[in-house]
Amino acid sequence: MFSGYSIADLTSIFVMQGFAGLSLFSVFVLMSLGLAIIFGQMGVINMAHGEFMILGAYVTWLTELFFKHYLPGLFGGYFFVAVVLAFISAALLGMFIERVLIRHLYHRPLDTLLATWGLSLILQQTYRTLFGPREVGVDLPDWLMGSYHFGDNIEIPINGVFVMLLTLVITLLLGWLMYRSPWGIHVRAVVANRAMAGAVGINTARVDNHSFALGCGIAGIAGSAFTMIGSTGPTAGQQYIVDTFLVVVFGGAQSLLGTIASAFAISQSQSTLEFFLSGSMAKVMTLLIVVVILMLRPQGLFASRIRR
């Protein structure tokens, strides 16, 4: 397989494959952090999580069009505005969905699975009606184009580096919010013991609503990041939902650290195996490895001890 390749060529191939895995890791982390909050706290199996991601992608596309036509002089900074708008739009939709649908299905995980699967179909058809069935892509500002060159054969795309930096910033902000803010204390109290949290005065319904909105909002940011590495279509979110659930279950539903570690392991495994196998076979092999590990450790990599 490696005949005809020099050591330098093999090194550059593995470095670029590893970086491709890091770009996939960034999208996995943003998607999985939002899902981990929702699934870990409320036990809701949100099959429409990918559609919240695509909402963020479409908002980014619309923002890019707006700046291109009406504010061309500020086009270089449109992506920062798009990230904020993607978060707000996805979070507001999540808040609305939680109030009218999800809160009536708590403690009924199979019902939430069916309801959110139906919601995903509704959102897909809505996107298809509003934006058309074809995939769309965004034009990146000039400062996000091009690559960093390391040696003669290694090129690292600038937009991929930006996506990873964005993921790092969002992860740090979420870590501060969950472990340093008063709201995070309330969230962890509800996860640890919902009845006791309600007994000491925490409004658990409001915490659930805000947590669901936050999880959906982070998925919207993932959609913004996704526009840099792929095109956006009505059903594009379904390509990531299975992998996202796999990341959350593998890492441990209540553990943000486990989610990050799991996203890194799965993304790097898929990226590396794709070099040796086809894309579908790489996914199959990754799934088999995860299933074997979960058979040995069904609680996930970093399981939290939760009192109910």
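Residues numbered from 1 in each chain as written. Predicted model: local features only at pLDDT ≥ 70, side-chain atom pairs only at ≥ 80, totals over all residues. Heavy atoms only, no water.

1. Here we look at the overall build of the protein
Convention followed: Numbered from the N terminus, helices here are DSSP runs of H or I no shorter than four residues, and strands are runs of E no shorter than two. In this scheme, a residue with accessible area under 20% of its type's maximum is buried, one over 50% is exposed, and one in between is partly exposed, where area comes from a 1.4 Å probe on protein chains only.
Counting its regular elements, the protein contains eleven helices and two strands. Mapped from its N terminus to its C terminus, the protein presents α and β elements in the order α-α-α-α-β-β-α-α-α-α-α-α-α. The 308 residues of the protein split such that 48% are buried.

2. Regarding helix α2 (residues 49-70)
Rule in force here: What a helix should span is 1.5 Å times the count of its residues minus one.
The end-to-end C-alpha separation of α2 is 32 Å, in line with the 32 Å expected for 22 residues at 1.5 Å each. The element α2 is largely enclosed, with a buried count of 16 among its 22 residues.

3. Observations regarding the pattern of salt bridges
Defined as follows: The working definition used for a salt bridge is a side-chain nitrogen of Lys or Arg within 4 Å of a carboxyl oxygen of Asp or Glu.
Per the counting criterion, the structure on display carries five salt bridges. A salt bridge links lysine 68 to aspartate 139; its shortest N-O distance comes to 2.4 Å. Here aspartate 139 lies in the loop between α4 (109-131) and β1 (147-150) and lysine 68 lies in helix α2, a separation of 71 residues in the sequence. You can call aspartate 139 partly exposed: its relative accessible area is 40%. Three or more residues joined by partner-sharing salt bridges are found here, namely Glu64, Lys68 and Asp139.

4. A word on helix α3 (residues 78-100)
Spelled out, the test is: Contact between two residues is taken to exist if any of their heavy atoms lie within 4.5 Å; hydrogens are not considered.
The terminal C-alpha atoms of α3, which comprises 23 residues, lie 33 Å apart, in line with the 33 Å expected from a rise of 1.5 Å per residue. By the burial criterion, the buried members of α3 are Tyr78, Phe79, Ala82, Val83, Ala86, Ala90, Ala91, Gly94, Ile97 and Glu98. Looking at the buried residues of α3, the elements they touch are α2, α4, α5 (158-179) and α8 (204-226).

5. Focus on the packing of α2 against α3
As a reminder, the rule being used: Between N-to-C directions, angles cover 0 to 180 degrees, with each direction set by a line fitted to C-alpha atoms, over the stretch in contact for helices. What sets the label is the angle itself: under 35 degrees gives roughly parallel, over 145 gives roughly antiparallel, 65 to 115 gives roughly perpendicular, and the rest give oblique. Helix crossings get a hand from a simple test, with the near helix turned counterclockwise from the far one by less than a right angle marking a left-handed crossing and a clockwise turn marking a right-handed one. Under the scheme applied here, ten amino acids are nonpolar (Ala, Val, Leu, Ile, Met, Phe, Trp, Tyr, Cys and Pro), four are charged (Asp, Glu, Lys and Arg), and all others, including Gly, are polar.
In the contact formed by α2 and α3, the axes pass within 8 Å of each other and the chain directions differ by 140°. Classified by the interaxial angle, the pair formed by α2 and α3 is oblique. Read as a crossing pair, α2 and α3 show a hand that is right-handed. Between α2 and α3, the residues in contact are Phe52, Leu55, Gly56, Val59, Thr60, Thr63, Glu64 and Phe67 and Tyr78, Phe79, Val81, Ala82, Leu85, Ala86, Ser89, Ala90, Leu93, Gly94 and Ile97, respectively. Class assignment for the residues of the contact of α2 with α3 results in 13 nonpolar, five polar and one charged.

6. Observations regarding the packing of aromatic side chains
To be explicit about the condition: Aromatic pairing here means that ring centres of Phe, Tyr or Trp (its six-membered ring) are within 6.5 Å. Orientation follows from the plane angle: under 30 degrees is stacked, over 60 is edge-to-face, and everything else is tilted.
Inspection of the entire model under this criterion finds 14 aromatic pairs. Chaining the aromatic ring pairs together yields one cluster made of Phe66, Phe67, Tyr70, Phe75, Tyr78, Phe79, Phe80, Trp143 and Phe162.

7. Describing the nonpolar core
Let me state the cut-off plainly: Buried residues of nine kinds, namely Ala, Val, Leu, Ile, Met, Phe, Trp, Tyr and Cys, make up a nonpolar core once their side-chain atoms join them within 4.5 Å.
Tyr78, Phe212 and Tyr240 are the most contacted members of the largest nonpolar core, which totals 70 residues. Considering every element that reaches this core, the biggest residue donor is helix α1 (residues 7-42), with eleven residues. Listed in part, the seven residues of the second largest apolar core include Met47, Ile241, Phe245 and Val248.

8. Details of the confidence of the model for the protein
This is how it is decided: Confidence scores labelled pLDDT are given residue by residue by the predictor and lie between 0 and 100.
Confidence along the protein averages 82 in pLDDT terms, with 84% of residues attaining 70 or more. Between the elements of the protein, mean pLDDT differs from a low of 70, seen in α1, to a high of 95, seen in α3.

9. Observations regarding a nonpolar patch on the surface
Rules: Patches here are clusters of residues that have more than 30% relative accessible area and form no salt bridge, with a 9 Å joining cutoff for like charges and a 5 Å cutoff for nonpolar side chains (Val, Leu, Ile, Met, Phe, Trp, Tyr). Note on areas: these come from Shrake-Rupley sampling with a 1.4 Å probe, and a residue is covered only by the protein chains present in the view.
A cluster of nonpolar residues, Val81, Val84, Leu85, Ile88 and Leu92, forms a patch on the protein surface that exposes about 390 Å² of accessible area. Among the secondary structure elements, isoleucine 88 is positioned in helix α3. Of the residues examined, isoleucine 88 reaches a relative accessible area of 39% and is grouped as partly exposed.

10. Section: the packing of α3 against α8
Taken N-terminus to C-terminus, the directions of α3 and α8 make an angle of 145°; their axes are 7 Å apart at the nearest point. At the point where α3 passes α8, the crossing takes the right-handed sense. A breakdown of the residues in the contact of α3 with α8 according to their chemical character gives 16 nonpolar, six polar and three charged.

11. Structural notes on the side chain of serine 181
Our working definition: Two N or O atoms count as a polar contact when they lie within 3.5 Å, although within protein this holds only if one can serve as hydrogen donor and the other as acceptor, and sequence-adjacent residues are included solely when both atoms are side-chain atoms.
As for its position among the elements, serine 181 is in the loop between α5 and α6 (182-192). Among the polar contacts made by the side chain of serine 181, one reaches the main-chain carbonyl oxygen of leucine 177 at a distance of 2.3 Å.

12. Topic: the side chain of glutamate 51
Short version of the rule: Positive charges come from Lys and Arg alone, negative charges from Asp and Glu alone, with His and the N- and C-terminal ends not counted.
Among the secondary structure elements, glutamate 51 is positioned in helix α2. Summary of buried charges: glutamate 51 has no salt-bridge partner, and the nearest side chain of opposite charge, arginine 128, is 8.7 Å away. Polar contacts involving the side chain of glutamate 51 include one to the side chain of glutamine 238, which spans 3.0 Å. Apart from residues no more than four positions distant in its own chain, glutamate 51 is found in contact with Ser120, Leu123, Gln124, Tyr127, Pro234 and Gln238.

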